[in-house]
Amino acid sequence: MQRIRQLHPLTLGVLFGTFFSRLGTFITMPFFAIYMTTVLKFDPVDVGWVLSISAIASLVMSFIGGTLSDRYGRRAMMLAGTIGFAIVFIALAQVETFWAFFTLSALNGVCRSIFEPSARALISDTTDEANRLFVFNIRYAMINIAAAIGPGIALLLSAGNTSATFYITAFVYIVYGGMIGILFKRYPITETHGGKKVSFGATVRLLRTDIAFTLALAGIIFGVFGYSQFNSTLPQFLTETSLLEGGKTLYAILITINAITVLIVQYPIMKFGVKTSPLVSITTGIATVAVGLFIIGNVSSIWLMVVAMVIFTCGEVMMFTMTDILTDRFAKPELRGSYFGAMGLTSIGQSIGPIAGGHLLSLYGADRPLPIFGILAGLTLFGIPLLLLSQRIHRASTIEELEEPVKLSNDSQQNA
């Protein structure tokens, strides 16, 4: 508690805002695919496209969102993001056609790319380096506490059968935006990068020059590809398969198990990541997510599905607990927003994943899960060699940086 009291009020605001905004999101979005399938009667490929376009839009905006955060400041971008989220969710409650959902899903991705890099960069700006891992893990815990509570509330509100929950999520974002405005007014900070003309090309250049970061990013994309099946292919499979009963209720239970598992394993996995390195933790996480997907493909009972979810979740924690820390360690202070924005390129995995899963579900049918989830698991594993190569290059560059001062010192002594 003492460490929490020492945090900047803006950091605390982001943490509490994260909890309530994600609670609103978990009341709605986990059942989004089910809502489109059962109420609107969209086929799996259409559902995949609606879910993917959000990630594609987020990908397109990933450079711009982070750079705008460095150029115009965290406050402006976070307010723009919360207002945009509120408008999108209000509109989602009123539309019924594929193209309307497609467009609004794209706008949702744009809002995410505007808001998320600024929120995470604000945490880095207002938190000393010694406490950043602690704060990023609190943020992750807040998200998963919301995930544990949200599905139960969603079932009580008949999420997946009604559009009313979209209004709840919109209201939460309106309150979050108001809170951000009040906190920035009451606790103003000097946004050292806000207003500076940071070039959009700087984000592209950092990917060309920081090869280790770029390779790590590419590896994480495959991990996110595997993780994206949790919110897209899995709920559709559970709703349509005859192998298991009560698909929607089972999915809500799995979401809760996912969140509770995160809360249980997050601290020991965080210690593992600190003891080894973020890259090692993320690499292990991708392998574990792939194992979880493969077990889902062999599902024959509810209990086996629960085991698969626990394994899958451990992999998720290994990946996402360390992603922010990995980015923060790679980032140069003057381009911190750009690095967090570039990490938005992981949306490539989020954008391709639901489409791939939807096509495989249409091709093999919901009663043949092994080829569906087996192929998805195999594709997820492609991230491992990229991360191993990133680790090798990063280690070599670190050794060079340590040796450079020694070399300069020796040169100076010789010249003297």
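A quick note: this is a predicted structure, and the numbers were derived from the prediction, not measured.

### Brief notes about helix α17 (residues 369-380)
Then, in step 1: End to end, α17 covers 16 Å across 12 residues, agreeing with the expected 16 Å (1.5 Å per residue, within 8%).
Then, in step 2: Those residues of α17 not exposed but buried are Pro-369, Ile-372, Phe-373, Leu-376, Ala-377 and Thr-380. Along the long axis of α17, the arc covered by the buried residues comes to 120°, so they all point the same way.

### Considerations on the pattern of salt bridges
Then, in step 1: Evaluation of the coordinates by the stated rule reveals 3 salt bridges.
Then, in step 2: Put simply, Glu-116 and Arg-22 hold a salt bridge, and the shortest N to O gap is 3.1 Å. On the criterion of sequence distance, the pair formed by Glu-116 in helix α6 (residues 98-126) and Arg-22 in helix α2 (residues 9-28) is long-range, its members being 94 residues apart.
Then, in step 3: The residue Asp-125 makes a salt bridge to Arg-74 at a minimum N-O spacing of 2.7 Å. Taken together, the residues Asp-125 in helix α6 and Arg-74 in helix α5 (residues 74-92) connect sequence positions 51 residues apart.
Then, in step 4: On the basis of relative accessible area, Asp-125 is assigned to the partly exposed category, the value being 32%.
Then, in step 5: Judged by its relative accessible area of 2%, Arg-74 is buried.
Then, in step 6: Members of the salt-bridge network, linked through shared partners, are Arg-22, Glu-116 and Arg-139.

### Structural notes on α6
Then, in step 1: The terminal C-alpha atoms of α6 lie 42 Å apart, and with 29 residues this matches the ideal 42 Å at 1.5 Å per residue to within 8%.
Then, in step 2: Burial of α6 is extensive: 23 of the 29 residues sit out of reach of the surface.

### Focus: the environment of Val-299
Then, in step 1: One can find Val-299 in the loop between α13 (278-297) and α14 (302-330).
Then, in step 2: The exposure class assigned to Val-299 is buried, which follows from its relative accessible area of 9%.
Then, in step 3: Between the C-alpha atom of Val-299 and that of Pro-369, which follows or precedes it by 70 residues, the distance is 7.7 Å.
Then, in step 4: Those residues in contact with Val-299 that sit more than four places away from it in its chain are Phe-237, Leu-244, Leu-304, Met-305 and Pro-369.

### Some thoughts on unusual backbone geometry
Of all residues except glycine, most have a negative phi; of all peptide bonds, most are trans.
Then, in step 1: Unlike most non-glycine residues, Lys-41 shows phi in positive territory, near 65°.
Then, in step 2: Mapped onto the fold, Lys-41 is located in the loop between α3 (32-39) and α4 (44-72).

### With respect to the confidence of the model for the chain
Then, in step 1: On average, residues of the chain score 83 in pLDDT, and 88% of them are at 70 or above.
Then, in step 2: Within the chain, the element-level pLDDT minimum falls on helix α1 (residues 2-5), averaging 68, and the maximum on α17, averaging 95.
Then, in step 3: Within the model, pLDDT remains below 50 along residues 193-198, and this stretch shows 20 contacts once partners closer than five positions in the same chain are excluded.

### Structural notes on the environment of Val-280
Then, in step 1: Within the fold, Val-280 resides in helix α13.
Then, in step 2: Taking the C-alpha atoms as reference points, Val-280 and Met-318, separated by 38 residues in sequence, lie 9.0 Å from one another.
Then, in step 3: Aside from chain neighbours lying at most four places away, what touches Val-280 is Phe-272 and Gln-391.

### Quick notes on the packing of helix α11 (residues 233-240) against helix α16 (residues 347-364)
Then, in step 1: Where α11 contacts α16, the two axes come as close as 9 Å, and the packing angle between them is 25°. Between α11 and α16, the angle falls in the class roughly parallel. Remark: the crossing between α11 and α16 carries right-handed chirality. Between α11, through Thr-233, Gln-236, Phe-237 and Glu-240, and α16, the contact on the second element is made entirely by Gly-357, Gly-358 and Leu-361.
Then, in step 2: Classifying every residue of the contact of α11 with α16 gives 2 nonpolar, 4 polar and 1 charged.

What counts and what doesn't
- Residues numbered from 1 in each chain as written.
- Predicted model: local features only at pLDDT ≥ 70, side-chain atom pairs only at ≥ 80, totals over all residues.
- Heavy atoms only, no water.
- Helix = DSSP H or I, 4+ residues; strand = E, 2+ residues; numbered from the N terminus.
- Expected span 1.5 Å × (residues − 1).
- Buried < 20%, exposed > 50% of the residue type's maximum accessible area, 1.4 Å probe, protein only.
- Arc of directions from axis to C-beta.
- Salt bridge = Lys/Arg side-chain N within 4 Å of Asp/Glu carboxyl O.
- Contact = heavy atoms within 4.5 Å.
- pLDDT = per-residue confidence, 0-100.
- Axes fitted to C-alpha atoms, helices over the stretch in contact; angles between N-to-C directions.
- Parallel < 35°, antiparallel > 145°, perpendicular 65-115°, else oblique.
- Left-handed = near helix turned anticlockwise from the far one by under 90°.
- Nonpolar A, V, L, I, M, F, W, Y, C, P; charged D, E, K, R; others polar.

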